[in-house]
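Spelled out, the chains give:
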Amino acid sequence: MIQTLRSAVGEIDPLLALQQVQTMDDVVANIEAPRRFNTDLITSFAAGALVLAIVGIYAVVTFSVSLRTKEIAIRMALGAQRTSIVRLVLISGGRLALVGCGLGVLGSLAVSRLVNSFLFGVSATDPLIYIAAVLIMLLMTLLASAIPATRAASANPVVALRSI
C-alpha cells in the first residue's frame, strides 16, 4: 500500500520527497494507542476485581452455610423443602450483594469527579452504567451463592443432626 502511494506520487511529481508515509488508519491507531492501552488496563483490573469479589462472596456464603448447618438440618427435619433452603441461602447472599452495591454506588458517586476525565461519551454519573453494574454484581452474587445453596439443600439432615 505504501509502495503504491510512493509510486503514484512519483508519477505526479518525481521531485517531491516523501517521508514517514502512513495510511490514515495507522495515524489514528498511533494516536489512540495510549488511550486504548489505558482502557485495556482498567478493564483488566475491573475484571480481576469482579473475580475477587465473586470468590470472596462464595467464601463468605460457604462459611455462613457451614455455620448454619445445624439450623438447616433442623429446618429440613421439620419439613422444609430443598427449594426453600436454596432460596434461604440465595437471599442471604443477595442481601450481602445489595449492601455491597449500595456502598459501591455511594463510593463511586463520591469519586466521580476524579474519574470524569477518563470517560468519553458517557457521564461519570450515568444511571444506565450504575444499573448495569449493580445488575451484573447481583447476577454474579447469585451464581456464586448457587453452589453453597445447592450443597446445603442436598445435605442429609440426619447426619447433620447426629453431629449436634
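Residue numbers restart at each chain and count upward from 1, following the sequence in its written direction. Residues qualify for local features only when their pLDDT is at least 70, as the model is predicted, and side-chain atom pairs are given and counted only at 80 or more; totals for whole chains, interfaces and linings, by contrast, use all residues. Note that the side-chain values use all heavy atoms of the structure and ignore hydrogens as well as water.

Sorry, what's going on with the overall build of the protein here?
In this text, helices come from DSSP runs of H or I with a minimum length of four residues, and strands from runs of E with a minimum of two, each type numbered from the N-terminal end. If you tally the helices and strands in the protein, you get seven helices and zero strands. Traced from its N-terminal end to its C-terminal end, the protein shows the element sequence α-α-α-α-α-α-α. In terms of overall dimensions, the protein has a C-alpha envelope of 95 × 35 × 20 Å along the principal axes. Throughout this description, buried means an accessible area under 20% of the type-specific maximum (1.4 Å probe, protein chains only), exposed means over 50%, and partly exposed covers the range between. A burial count over the protein gives 17% of its 164 residues as buried. Taking the intrachain contacts of the protein between residues at least 6 apart in sequence as the baseline, contacts between residues at least 24 apart amount to 71%. Note on definitions: a residue-residue contact is assigned when non-hydrogen atoms from the two residues lie within 4.5 Å.

Which parts of the structure should I look at to understand a nonpolar patch on the surface?
The patch calculation keeps residues exceeding 30% relative accessible area without a salt bridge and links them within 9 Å when they carry like charges or within 5 Å when they are nonpolar (Val, Leu, Ile, Met, Phe, Trp, Tyr). For the area figures, the Shrake-Rupley method with a 1.4 Å probe applies, and any residue is considered shielded solely by the protein chains shown. A pair is scored as a salt bridge if a Lys or Arg side-chain nitrogen falls within 4 Å of a carboxyl oxygen belonging to Asp or Glu. Together, Val111, Leu114, Val115 and Phe118 make up an exposed nonpolar region whose accessible area comes to about 390 Å². Considering the arrangement of structural elements, one finds Phe118 in the loop between α5 (112–115) and α6 (127–153). With relative accessibility at 57%, the residue Phe118 sits in the exposed group.

How should empty space enclosed by the protein be read in this particular structure?
It is the rolling of a water-molecule-sized probe over the atoms that shows where space remains empty. Residues are called lining when one of their atoms sits within 4 Å of a cavity or pocket point, these points coming from a 1 Å grid over the protein atoms alone, where a cavity is a set in which a 1.4 Å probe fits but cannot get out and a pocket is an open set with protein on both sides within 12 Å along at least five of seven lines. Grid points are joined across faces, edges and corners, and a volume is the space filled by probe spheres set on the points. Tallied over the full model, the rule gives one cavity of 30 Å³ or more. Approximately 40 Å³ is the volume found for the largest cavity. If you go around the largest cavity, the residues you meet are Ser64, Val65, Arg68, Ile72, Leu88, Val89 and Ser92. Of all the secondary structure elements, the ones that give two or more residues to the lining of the largest cavity are α2 (24–67) and α4 (82–110). Among the elements that make up the lining of the largest cavity, the one with the highest residue count is α4 (three residues). Here the lining of the largest cavity is built from residues that sort into four nonpolar, two polar and one charged. As a working rule, the residues Ala, Val, Leu, Ile, Met, Phe, Trp, Tyr, Cys and Pro are called nonpolar, Asp, Glu, Lys and Arg charged, and the rest polar, with Gly in that last group.

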